[in-house]
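Commentary on secondary and tertiary structure
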Amino acid sequence: MPFDHRELRNAFGCFATGVTIITTLDRNAEKIGITANSFTSLSLDPPLVLFCVADKINSFEAFEACRHFNVNVLNEEQVDLSNNFARSSDDKWDGIAHGVGRNGCPLFDGALATLECDKHAMYEGGDHLIIVGKVTDMSYDRSNGRPLLYFQGDYARLA
Ligand SMILES: Cc1cc2nc3c(=O)[nH]c(=O)nc-3n(C[C@H](O)[C@H](O)[C@H](O)COP(=O)(O)O)c2cc1C
């Protein structure tokens, strides 16, 4: 039974999530970054996480080809950063302060947690590609603020 996409989005959007920026490097070592709320932890042993990348976005090929990526779990003060990486643009990285992980991919100061990953597996998922990563390095700071949330198509904060 075909569903109206707007209706599907509305239903899916009832599931509240955190917000991440996933970063990698493309074949020319250019920085790539997208805001993603499809991130989820997957396995403790081995340590696996996953996210899903839409097949229509400019960054798709870079994520499909990459060997490493980083997950930046955003705090509630990082709405502007989230918006910046939620749009298609050539100047996404202009003026954006960031560090670099051991794997060479960008990391953001102030994130609640960062996870450096080796690509572990990929699976087809309809109009998305499911990318599984094995965590090779991580950092987190429980006192570094509160999470940025996404619910029903908008940002939200913990009450
Ligand atoms: C809160 C939020 C969550 C998002 N989650 C995802 C996601 O999980 N996967 C995805 O492919 N795009 C997601 N997007 C959209 C991408 O961030 C956006 O399409 C991407 O930045 C496009 O960049 P590009 O065309 O330069 O690759 C999300 C956007 C927002 C605002």
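Structure first, text after, so check above.
To keep things clear, this report deals only with the structure shown in the data block. Remember, predicted model here, so these are calculated numbers, not experimental data.

Once that is clear, we can look at the sheet that holds strand 12 (residues 154-156). Each strand in a sheet pairs with its neighbour through backbone hydrogen bonds, running either in the same direction (parallel) or in the opposite one (antiparallel). Pairing in this open sheet of 3 strands is antiparallel, and the strands run 1-11-12 from one edge to the other. Each edge of the open sheet carries a strand with a single partner, namely strand 1 (17-18) and strand 12. For strand 1 and strand 11 (residues 149-151), the ladder comprises 2 bridges, and the chain directions are antiparallel. Paired with T17 across the two strands is Y150, which belongs to strand 11.

In this section: the pairing of strand 9 (residues 113-125). Sheet topology places strand 6 (residues 68-73) next to strand 9; 6 bridges connect them, and they run antiparallel. Within the sheet, the bridge partner assigned to N70 lies in strand 9 and is E116. Strand direction decides the pairing type here: strand 9 and strand 10 (residues 128-140), joined by 12 bridges, are antiparallel. Across the sheet, A121 pairs through a bridge with V132, a residue of strand 10. Between the end of strand 9 and the start of strand 10, which pair antiparallel, lie 2 residues, with G126 showing a positive phi angle near 65°.

On to the site of the ligand. Around the ligand lies a shell of 18 residues, among which A36, S38, N58, S59 and S88 are the nearest. For the shell around the ligand, the secondary structure elements donating two or more residues are strand 3 (31-36) and strand 5 (48-54). Top element by residues in the shell around the ligand is strand 5. It accounts for 4 residues. Grouping the constituent residues of the shell around the ligand by class yields 11 nonpolar, 6 polar and 1 charged.

Structurally, the position occupied by K134 is in strand 10. Once the C-alpha coordinates of K134 and P46 are considered, the two residues, 88 residues apart in sequence, prove to be 7.3 Å apart. Once residues within four sequence positions are removed from consideration, K134 is found in contact with P46, P47, L48, C117, D118 and H120.

All right, on to the sheet that holds strand 10 then. Read from one edge to the other, the open sheet built from 7 strands follows the order 3-2-6-9-10-5-4, with strand pairing classed as antiparallel. Both outer strands of the open sheet, strand 3 and strand 4 (40-43), are each paired with one neighbouring strand and no more. Each adjacent strand pair in this sheet contributes to an overall mean axis angle of 35°, direction not counted.

Rules used in this analysis
- Residues numbered from 1 in each chain as written.
- Predicted model: local features only at pLDDT ≥ 70, side-chain atom pairs only at ≥ 80, totals over all residues.
- Pairing = 2+ DSSP bridges.
- Helix = DSSP H or I, 4+ residues; strand = E, 2+ residues; numbered from the N terminus.
- Near = placed C-beta within 6 Å.
- Nonpolar A, V, L, I, M, F, W, Y, C, P; charged D, E, K, R; others polar.
- Contact = placed C-beta atoms within 7 Å.
- Axes fitted to C-alpha atoms, helices over the stretch in contact; angles between N-to-C directions.

Nothing here speaks to function; it is geometry throughout.
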